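Here's the letter readout for the chains.
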Amino acid sequence: MNGYYFIENTVNEYSSRQQGSFETLDEAIKALAECNDWWCPKGTGTIYFQEFGLHKPAKKVYKA
């Protein structure tokens, strides 16, 4: 499957944002160590896989 991994973190009670995109899940997990949800310590967030193409939903692959 062709696509990319991205980290998403909450920034407040109502919204979240994409923190970065990566070629592999391993790269995304390593980068997650520097990210955090707004109420949590570093190393928290969600990693999704986004397949290339139209109307392809992102799939949650890792939650920390």
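Residues numbered from 1 in each chain as written. Predicted model: local features only at pLDDT ≥ 70, side-chain atom pairs only at ≥ 80, totals over all residues. Heavy atoms only, no water.

**Q** Just give me the short version of the environment of Ala28, but keep the residues and values in it.
**A** In this fold, Ala28 is placed in helix H1 (residues 25–32). Residue classification places Ala28 among the buried residues on the basis of a relative accessible area of 0%. Along the sequence, Ala28 and Tyr62 sit 34 residues apart, while their C-alpha atoms lie 9.5 Å from each other. In contact with Ala28, other than residues within four places in its own chain, are Tyr5, Ile7, Phe22 and Ile47. (Helix = DSSP H or I, 4+ residues; strand = E, 2+ residues; numbered from the N terminus. Buried < 20%, exposed > 50% of the residue type's maximum accessible area, 1.4 Å probe, protein only. Contact = heavy atoms within 4.5 Å.)

**Q** Please set out a nonpolar patch on the surface residue by residue, giving values where relevant.
**A** Where nonpolar side chains cluster on the molecular surface, the patch consists of Ile29, Val61 and Tyr62 and spans about 210 Å² of accessible area. In this structure, Tyr62 sits in strand E4 (residues 59–63). Residue class for Tyr62 comes out partly exposed when judged on its relative accessible area of 32%. (Patch = residues over 30% accessible without salt bridge, like charges linked within 9 Å, V, L, I, M, F, W, Y side chains within 5 Å. Areas by Shrake-Rupley, 256 points an atom, 1.4 Å probe, with all protein chains shown as cover. Salt bridge = Lys/Arg side-chain N within 4 Å of Asp/Glu carboxyl O.)

**Q** Got a sec to walk through the pairing of strand E1 (residues 3–10)? Specific residues and values, please.
**A** Of the pairings in the sheet, the one linking E1 to strand E3 (residues 46–51) comprises six bridges and is antiparallel in character. If you follow Gly3 over to E3, its bridge partner there is Glu51. As defined by bridge partners, E1 adjoins strand E2 (residues 16–22) across six bridges and the pair is classed as antiparallel. Across the sheet, the residue bridging to Glu8 is Gln18, located in E2. The loop that links E1 with its antiparallel partner E2 comprises five residues. (Pairing = 2+ DSSP bridges.)

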